[in-house]
Amino acid sequence: MTKPTSTRTTIDGPGSVTTVPHLPSGFTDRFTSTLVDTGTVRLHVVTGGTGPALLLLAGWPQTWYAWRHVMPALAEHFTVIAAEPRGVGLSDKPDNGYDTGTLARDMVDLMAALGHDRFTMVGHDIGMWTAYAIATDHPQALDRVIVAEAAIPGLTPSAPIFSDDLVNSKLWHFGFNRLPKLNEILVRGHEYEFLSEQFRTKAATRDALPEHAIHEYVDAITRDPAALRTSFEFYRALETTMAQNVQRQLAPIPIPILAIGGALGLGEGVGTTMRLTGTDVTTLLIDKAGHYPAEENPEAMIEAILNFR
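The residue numbers shown here count from 1 along each chain, following its written sequence. With the structure being a predicted model, the display of local features is reserved for residues of pLDDT at least 70 and the display and counting of side-chain atom pairs for 80 or more, all residues being used for whole-chain, interface and lining totals. Think of the side-chain values as coming from all heavy atoms in the structure, minus any hydrogens and water.

### Here we look at the packing of helix H4 (residues 126-137) against helix H11 (residues 238-248)
What counts, and what does not: Only the stretch in contact is used when a helix axis is fitted, and all axes are lines through C-alpha atoms; the angle between N-to-C directions ranges over 0 to 180 degrees. We count a stretch as a helix when DSSP gives it H or I for four or more residues in a row; a strand needs E for two or more, and each element gets its number in order from the N terminus. Working definition: roughly parallel below 35 degrees, roughly antiparallel above 145 degrees, roughly perpendicular at 65 to 115 degrees, and oblique for all remaining angles. Note on convention: near helix rotated counterclockwise from far helix by under a right angle means a left-handed crossing. Clockwise means right-handed. Contacts between residues were defined by any pair of non-hydrogen atoms, one from each residue, lying within 4.5 Å. Under this grouping Gly is polar, as are all residues other than the nonpolar Ala, Val, Leu, Ile, Met, Phe, Trp, Tyr, Cys and Pro and the charged Asp, Glu, Lys and Arg.
Remark: H4 packs on H11, axes separated minimally by 11 Å, with the N-to-C direction vectors making an angle of 40°. As far as their axial angle goes, H11 and H4 are oblique. Helix-helix and strand crossings are classified by hand; for H4 and H11 the assignment is left-handed. Contact residues: Trp129, Tyr132, Ala133, Thr136 and Asp137 in H4; Leu238, Asn245 and Arg248 in H11. Of the residues contributing to the contact of H4 with H11, the split by class is four nonpolar, two polar and two charged.

Given below as structure tokens:
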């Protein structure tokens, strides 16, 4: 590690911009990996660009790397901050704090430490859960919010236990990931088989995400002994998150919301969820994309973000 400051430390090595594979040309000239101490947790961010602040937050089981294809174009218009929440990648992995109330506070503290008291956010998957929590718990922090490809626990009506094969293949992990210990026992040593199937099942096609990307996400979980446990903690905290979301429904979100669904993913379901809580909701489907639009159709994702201003 080099270049320490009072709250930030520039870093390199596995998981940082200096080591991950197949980045767009010129990426490392523009973007830097930094650990930011928020006062409660150290979080890894990849930052670059100029302009108003744009926070990018991916979901399970991904890292900042999920945004690699869209970051250079967005950096022409924004100061881009691709963050890894607690428990993910190179960020700290405490034992607790994986409910979305805590995760939202982490992100607001992170952005303040970087000098951004107000920002736009794009949240995907679990990152969408956190974006919802920020919009309700810290409405003064957001100008607008873009969410993609998630249902929100405690807000979106739950699918029945006995669902059809397609729904079951996409949602079965919710129950499995919430288990207190058995999931870790079964997955440890088989992380590639478990995680790669998640990507292949949820993308538009089984080969939509390249093998090098899948390996990067698997490596992020296997290189740190705590990371498999913390990857499940977001789900183990769901009872707390759902209780929080019941209270959040009492305060509709007034800021503009763009709800993005993969045309071959959740589709209109994202907009349906956000209309339960937002007063100014625009919906958009990304063609040729399943659950991972920023990787499956980055050009359309870039256009969607840039047009929502």
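### Digging into the side chain of histidine 124
Condition: A simple rule labels every residue: compare its accessible area, found with a 1.4 Å probe on the protein chains alone, to the largest value its type can have, and call it buried under 20%, exposed over 50%, or partly exposed in between.
Here histidine 124 is to be found in strand E7 (residues 119-124). Owing to a relative accessible area of 7%, histidine 124 belongs among the buried residues under this scheme. Not counting residues within four places of it along the chain, the set of residues in contact with histidine 124 comprises Leu57, Ala58, Gly59, Gln62, Trp67, Ala148, Glu149, His291, Tyr292 and Pro293.

### Things to note about the nonpolar core
Keep this limit in mind: Each nonpolar core is a collection of buried residues, namely Ala, Val, Leu, Ile, Met, Phe, Trp, Tyr and Cys, held together in the definition by side-chain atoms within 4.5 Å.
Ranked by size, the top nonpolar core spans 94 residues in total, and within it Trp67 and Met71 carry the most contacts. Once residues within four sequence positions are removed from consideration, tryptophan 67 is found in contact with Leu56, Leu57, Ala58, Ala82, Val122, His124, Ala294 and Met301.

### With respect to empty space enclosed by the protein
Where empty space is left becomes clear once a probe the size of a water molecule has been rolled over the atoms. Going by this rule: Cavities and pockets are found on a 1 Å grid laid over the protein atoms alone: a cavity is a set of points where a 1.4 Å probe fits but cannot escape, a pocket is an open set with protein on both sides within 12 Å along at least five of seven lines, and a lining residue has an atom within 4 Å of such a point. Grid points are joined across faces, edges and corners, and a volume is the space filled by probe spheres set on the points.
Inspection of every chain in the model, using the stated rule, returns three cavities of 30 Å³ or more. Considered as a void within the structure, the largest cavity measures approximately 190 Å³ in volume. Lining the largest cavity we find 21 residues, and of these Gly59, Pro61, Gln62, Val88 and Phe234 sit closest to its centre. Sorting the residues of the lining of the largest cavity by element identifies H4, helix H9 (211-222) and helix H10 (227-236) as the ones contributing at least two each. For the lining of the largest cavity, the per-class residue count stands at 12 nonpolar, eight polar and one charged.

### Here we look at H11
Worth spelling out the cut-off: The directions considered for the arc run from the helix axis to the C-beta atoms.
Where H11 is concerned, the buried positions are Leu238, Thr241, Asn245 and Arg248. The arc enclosing the buried residues of H11, seen along the axis, measures out at 70°, which places them on a common side. What points out from H11, more than 90 degrees from its buried face, is the exposed set Glu239 and Gln247. In this fold, the buried residues of H11 make contact with helix H3 (100-113), H4, helix H6 (173-177) and H10.

### Side note on the layout of surface pockets
Of the pockets and cavities examined, the largest pocket occupies roughly 1,000 Å³. What lines the largest pocket is a set of 40 residues, and nearest its centre among them are Ala151, Ser158, Ala159, Leu171 and Phe174. At the level of secondary structure, the elements contributing two or more residues to the lining of the largest pocket comprise H4, helix H5 (165-171), H6, H11 and helix H12 (269-274). Here the lining of the largest pocket takes five residues from H5, the largest share from any one element. Here the lining of the largest pocket is built from residues that sort into 23 nonpolar, 12 polar and five charged.

### Digging into the pattern of salt bridges
We apply this condition: The term salt bridge refers to a pairing of a side-chain nitrogen on Lys or Arg with a carboxyl oxygen on Asp or Glu at a separation within 4 Å.
Scanning the model with the defined rule gives 15 salt bridges in all. For arginine 42, the salt bridge goes to aspartate 92, with nearest N and O atoms at 3.3 Å. Of this pair, arginine 42 sits in strand E4 (residues 42-49) while aspartate 92 sits in the loop between strand E6 (79-83) and H3, placing them 50 residues apart in sequence. Bridged by salt links that share partners, the residues Asp95, Glu184, Arg188, Arg229, Glu233 and Arg236 form one connected network.

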